[in-house]
Amino acid sequence: MKLVTFTHAGSTRAGVLTESGDIADMCSPMLDMLADGSLIERAKKALADGTTIPATEAGFNAPVPRPPKVLAIGLNYRDHAEESGQPIPQRPVVFAKMPTCIVGPDHPIYIPRVSRAVDWEAELCFVIGKRARYVSAADATQYIAGYSAGNDVSVRDWQFHSPTWMMGKSFDTHGPLGPWLVTPDELDVSKLGVRLYVNDELKQDSNTNQLIFGVGEIVEYLSAGFTLEPGDVVFTGTPAGVGGARKPPEFLKPGDTVRVEIAGLGVLSNPVAEEPA
């Protein structure tokens, strides 16, 4: 199933896409149904009910608009570690993004007042579906609500203000996510094509089979340290081709359009604009 958060008639709530591409209304926020464990049951009920809203009449938001936690894995593709001049990690390199960075498809990525070094990073993301602590890699899929495309937008100069990277990874609008969540029964995420375009020019082109640490290993590692909660979002890492590693460096500018395409997960497209006053 493809699960969405949408806005229609002044109300924002979750829905599930029908085969025709319209929205079966689930009448509750995504995070509420993740928290109480009713998401899949409610999605099936909404589909069976048959009442739909035309997708053309709705606005799509990030599937989880305000996650409890946003975690990310750095240097998780060998070629990206190499282009960054960093050693290949022996364990996942974990950092945090602030939940206020999350936006949905078509929402502008803002160039902040304090930097012009705004870079792109296409990433496979997953959302936690139930409380997870000390989960093995083999059992990880049971704890995942769905997968989505993401863009770990990074302000490169601010990223290296401290070893944690958090400041440069957490600017408002710098966590596009969407356009929907695809449930784990729908696809094998171990071998998905990952591409990113800026103004229709291909910048990143790889496959999730190049991940150093796969989804299961990431869940096992994170849940050994702290509890993962329903609605938590995890960005799994980006392949080579980021702007900051190019010679000369390339960064996003107002008027650009960034498009992330991950096989089976749809297209996440966002315009780039100056941060409003």
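Chemist: Before we go on, may I ask you to explain helix H2 (residues 39-49) in this structure?
Modeler: At 3.6 residues per turn, the α-helix brings residues three or four places apart onto the same side. Regarding H2, the residues found buried are Leu39, Ala43 and Ala46. Viewed along the axis of H2, the buried residues span an arc of 65 degrees, placing them on a single side of the element. Turned more than 90 degrees away from the buried face of H2, the exposed residues are Glu41, Lys44, Lys45, Ala48 and Asp49. Against the buried residues of H2 lie strand E1 (2-8), strand E2 (11-17), strand E3 (23-25) and helix H1 (30-36). Gly50, located one to two residues past H2, shows a positive phi value of around 85 degrees.

Chemist: Can you walk me through the sheet that holds strand E18 (residues 257-262) in this structure?
Modeler: Hydrogen bonding along the main chain pairs the strands of a sheet, whether they run parallel or antiparallel. With respect to topology, five strands assemble into an open sheet ordered E9-E19-E18-E15-E16, the strand pairing being mixed. Only two strands of the sheet have a single neighbouring strand rather than two, namely strand E9 (109-111) and strand E16 (201-207). The average undirected angle you get between the axes of adjacent strands in this sheet is 15 degrees. With three bridges joining them, E9 and strand E19 (residues 266-274) adopt parallel strand pairing. Paired with Ile109 across the two strands is Val272, which belongs to E19.

Chemist: Just checking my understanding: could you explain the side chain of Thr208 for this structure?
Modeler: Here Thr208 is to be found in the loop between E16 and helix H6 (215-225). Taking the relative accessible area as the measure of exposure, Thr208 reaches 4% and is therefore buried. A distance of 2.7 Å separates a polar atom in the side chain of Thr208 from the backbone oxygen of Val189. Leaving out residues up to four positions away in the same chain, Thr208 has contacts with Tyr77, Leu124, Val189, Ser190, Lys191, Leu192 and Val194.

Chemist: How should the pairing of strand E6 (residues 70-74) be read in this particular structure?
Modeler: In summary, the side chains of a regular strand alternate between the two faces of the sheet. Counting buried positions along E6 gives five out of five residues, so the element sits mostly inside the fold. The side-chain alternation of E6 yields two buried faces, one formed by Val70, Ala72 and Gly74 and the other by Leu71 and Ile73. Note that E6 and strand E7 (residues 93-97) share five bridges and pair antiparallel. Looking across to E7, one finds that Val70 is bridged to Lys97. Summarising the sheet, E6 and strand E17 (residues 233-235) pair through three bridges and their orientation is parallel. Considered in E17, the bridge of Ala72 is made with Phe235.

Chemist: Explanation requested: the pattern of salt bridges in the structure shown.
Modeler: One pass over the full model with this rule turns up 15 salt bridges. A salt bridge links Arg156 to Glu121; its shortest N-O distance comes to 2.8 Å. Here Arg156 is found in helix H4 (residues 156-159), whereas its partner Glu121 is found in the loop between strand E10 (118-119) and strand E11 (122-128), with 35 residues between them in sequence. Relative accessible area serves as the criterion here: at 4%, Glu121 is assigned to the buried category. Taking the shortest distance from any N to any O, the salt bridge between Glu121 and Lys169 comes out at 3.2 Å. Of this pair, Glu121 sits in the loop between E10 and E11 while Lys169 is found in helix H5 (residues 166-169), placing the two residues 48 residues apart along the sequence. Here Glu121 and Lys169 have matching classes, each one buried. Among the charged side chains, a network of salt bridges with common partners joins Lys97, Asp119, Glu121, Asp152, Arg156 and Lys169.

Definitions and limits used
- Residues numbered from 1 in each chain as written.
- Predicted model: local features only at pLDDT ≥ 70, side-chain atom pairs only at ≥ 80, totals over all residues.
- Heavy atoms only, no water.
- Buried < 20%, exposed > 50% of the residue type's maximum accessible area, 1.4 Å probe, protein only.
- Helix = DSSP H or I, 4+ residues; strand = E, 2+ residues; numbered from the N terminus.
- Arc of directions from axis to C-beta.
- Contact = heavy atoms within 4.5 Å.
- Pairing = 2+ DSSP bridges.
- Axes fitted to C-alpha atoms, helices over the stretch in contact; angles between N-to-C directions.
- Polar contact = N/O pair within 3.5 Å; in protein donor to acceptor, adjacent residues only side chain to side chain.
- Salt bridge = Lys/Arg side-chain N within 4 Å of Asp/Glu carboxyl O.

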